[in-house]
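Spelled out from the first residue to the last, the chains are:
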Amino acid sequence: MQNPPTTTLGYALFATRWLQAPLYFGLVAAQGVYVYKFFKELWTLILMCVGGHATETYVMLAVLKLVDVVMIANLLIMVIVGGYETFVSRIGLQGHRDQPEWLSHVNSNVLKVKLATAIVGISSVHLLQMFVDVHHTSQHALLWGTVIHMAFIFSAAILAYMSGPMAAHGDRAHAARPPVERPRTEHTSEPRPEAVMDAPAVPRQPDPDGEAEARIRAAGFPARKLLEDFDERHPRGFDRETVARLGKAEFVAARRNVVFVGPPGTGKTHLAVALGVRACQAGHRVLFATAAEWAARLTDARAAGRLDAELAALDEHPLLIVDEVGYTPFDPDTAGLFFQLVAHRYERASLIVTSDRPLGRWNEVFGASAPALTDRLAHHAEVVRLDGESYRTRRASAAWAD
């Protein structure tokens, strides 16, 4: 047990992050200065062109100045938004249609690399201006401008190189955590040796440290299932081409969802785990749990007052798998937690969900939250229907007959 003074001191130190907020608002004011400078330069260029005094070199230099101002403004907004979200507080743009692509996976490491590359771009424009106006630029200025530009490139390359090992170290540290123990359910124990799914395998990148295997172990799959082991002859209704396309794992990068719907024993969990394995092999972090386990996890986070932090932490996993939705109905509070999970990941990360009932009947599970939840889940989703009798029942009947 921590003593209260230590806890209070820790929270007080953490609260000092708000001292940075005025700094970011100061950068907003600086961005306003660059907006003024941009339109002043633009107005001067227009007047020179209308008056017929603008040479081709002058126009080129003036346009490069405008590009330079825009790139510096881009650098400012990256520092303002990314820095504030990383070091002060989340802005809460989840699901907003104008949310920047880079903001959904920004962290201090990524932010440094992006800033370095932005500085290289600005330096390139400055160097180009010097070469365009080479007749009015001394050799000394050209030499040092080139040297400084190469120094920026070298620094950015070092930062980019270092970001790879740092991210890999984070993945290995996460993989080192013991997986959550979960009871094996009747939906995840059967092998499917009878046929081979001929979906093209995900091209594997060089992985000398076994990082893909580490991601698979860290995902918490109840068992290792492969698309190649799925008995595609068993379900009566089965969209083979869709599953083969999903096997390329491109839906994760596109932040799309997958919903498997069908009676018990038709292979929903097998396909969900198999797609999760493919995603791990493609370089994505994945986390698997049943709907009941997700409910317990989110409930515990809410009880501890860290639900927002838990949802943010799950952003580190581009793919979450929610298995067995529908087997147990949820109370309104728990249904609301599932809605928050789906809404938080809407258009920013992927979900795979398996259920024994179609989306139109999810009100039996989630109650009043069902319409809003299914609307967000299905908006960018592939819904795969599996029809047929239980694979386990069929095998048990065949064994009894023998």
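Because the structure is a prediction, the values reported are computed rather than measured.

**Focus: the overall build of the protein chain**
Looking only at helices and strands, the protein chain features 15 helices and 5 strands. Counting over 402 residues, the protein chain shows a buried share of 44%. For the protein chain, restricting intrachain contacts to residue pairs at least 6 apart in sequence, the fraction spanning at least 24 positions comes to 84%. Of the roughly 21800 Å² that the protein chain leaves accessible, carbon and sulfur atoms contribute 62%.

**Quick notes on the environment of F131**
With respect to the secondary-structure elements, F131 resides in helix α4 (residues 108-132). For F131, a relative accessible area of 43% translates into the label partly exposed. Separated by 11 residues in the primary sequence, F131 and L142 have C-alpha atoms spaced 7.7 Å apart. The contacts of F131, once residues within four sequence positions are left out, are L142 and T146.

**What about the packing of helix α10 (residues 291-303) against helix α12 (residues 332-345)?**
Two elements in contact, α10 and α12, have axes whose closest approach is 10 Å; the angle formed by their N-to-C orientations is 95 degrees. Overall, the two elements α10 and α12 adopt an arrangement that is roughly perpendicular. Mapping the contact onto sequence places A291, W294, A295, L298, T299 and R302 in α10 and D333, T334, L337, F338 and L341 in α12. Grouping the constituent residues of the contact of α10 with α12 by class yields 7 nonpolar, 2 polar and 2 charged.

**Side note on the UniProt feature "transmembrane region" (unreviewed entry) in the protein chain**
The UniProt entry lists residues 18-36, 43-63, 69-88 and 141-162 under the feature "transmembrane region" (unreviewed entry), expressed in the numbering used here. Secondary structure content for residues 18-36 is 84% helix and 0% strand, while the C-alpha to C-alpha distance between its ends is 29 Å. Secondary structure content for residues 141-162 is 100% helix and 0% strand, and the end C-alpha separation is 32 Å.

**Some words on the pattern of salt bridges**
Using the criterion set out here, one finds 12 salt bridges in the structure. Here R224 and E213 are joined by a salt bridge, their closest N and O atoms 2.9 Å apart. Placement of the pair is R224 in the loop between α6 (211-218) and α7 (240-246) and E213 in helix α6, with a sequence separation of 11 residues. Classification of R224 as partly exposed rests on a relative accessible area of 43%. In this structure, R385 engages D387 in a salt bridge whose closest nitrogen and oxygen atoms are separated by 2.7 Å.

**Here's the deal with the sheet that holds strand β1 (residues 257-261)**
With parallel pairing, 5 strands are arranged side by side in an open sheet as β2-β3-β4-β1-β5. In this open sheet, the two edge strands, each paired with only one partner strand, are β2 (286-290) and β5 (381-385). On average, adjacent strands in this sheet sit at an angle of 10 degrees to one another, irrespective of strand direction. Pairing of β1 with strand β4 (residues 350-355) involves 4 bridges; the strand directions are parallel. Bridge pairing links F260 to T354 in β4.

**Some details on the environment of D387**
Of note, D387 is situated in the loop between β5 and α15 (391-401). Take D387: its relative accessible area is 26%, and that puts it in the partly exposed class. In this structure the C-alpha to C-alpha distance between D387 and G267, which are 120 residues apart in sequence, comes to 9.8 Å. Polar contacts involving the side chain of D387 include one to the side chain of R385, which spans 2.7 Å.

**Observations concerning the pairing of β1**
Of all 5 residues in β1, 5 are buried, a share of seventy percent or more. Across the two faces of β1 the burial is the same, with N257, V259 and V261 and V258 and F260 all buried.

**Description of the packing of aromatic side chains**
Counted according to the given criterion, the structure contains 8 aromatic pairs. A ring pair is formed by F38 and F39, whose centres lie 5.4 Å apart and whose planes are at 85 degrees; its orientation type is edge-to-face. Accessibility expressed as a relative area gives 21% for F38, which makes it partly exposed. Residue F39 is classed as exposed on the basis of its relative accessible area of 52%. Members of the aromatic cluster, joined through ring pairs, are F330, F338, W362 and F366. R17 extends its terminal NZ or CZ atom over the ring of F14, reaching a point 4.0 Å from the ring centre.

Criteria and thresholds
- Note that residues are indexed from 1 along each chain, following the sequence as it is written.
- Side-chain atom pairs in this predicted model are given and counted only at pLDDT of 80 or more, local residue features only at pLDDT of at least 70, and totals for whole chains, interfaces and linings cover all residues.
- To get the side-chain values, all heavy atoms of the structure are used, and hydrogens and water are removed first.
- For helices the rule is a DSSP run of H or I covering at least 4 residues; for strands it is a run of E covering at least 2, with both sets numbered from the N terminus onward.
- Classification of residues uses two cut-offs on accessible area relative to the type maximum, computed with a 1.4 Å probe and protein chains only: under 20% is buried, over 50% is exposed, and between them is partly exposed.
- Whether two residues are in contact is decided by their heavy atoms: any pair within 4.5 Å suffices.
- Computed with a 1.4 Å probe, the accessible areas rest on the Shrake-Rupley method; for each residue, only the protein chains presented here act as cover.
- The convention used is that axes are lines fitted to C-alpha atoms, helices contributing only their stretch in contact, and that angles between N-to-C directions extend from 0 to 180 degrees.
- Should an angle fall under 35 degrees it is called roughly parallel, over 145 degrees roughly antiparallel, and 65 to 115 degrees roughly perpendicular, with every other angle called oblique.
- Three classes are used, and their members are as follows: Ala, Val, Leu, Ile, Met, Phe, Trp, Tyr, Cys and Pro are nonpolar, Asp, Glu, Lys and Arg are charged, and the others, Gly among them, are polar.
- UniProt positions are given in the numbering used here, feature names are shortened, and annotations may be inferred rather than shown by experiment.
- What makes a salt bridge here is a side-chain nitrogen of Lys or Arg within 4 Å of a carboxyl oxygen of Asp or Glu, nothing more.
- Should DSSP find at least two bridges between two strands, the strands are regarded as paired.
- Here a polar contact means two N or O atoms within 3.5 Å. Within protein one must be a hydrogen donor candidate and the other an acceptor candidate, and residues neighboring in sequence count only if both atoms are side-chain atoms.
- What counts as a ring pair is set by centres within 6.5 Å for rings of Phe, Tyr and Trp (its six-membered ring), and what kind of pair is set by the plane angle: stacked under 30 degrees, edge-to-face over 60, tilted for all other angles.
- Charge over a ring is defined by NZ of Lys or CZ of Arg lying within 6 Å of the ring centre and within 35 degrees of the ring normal.

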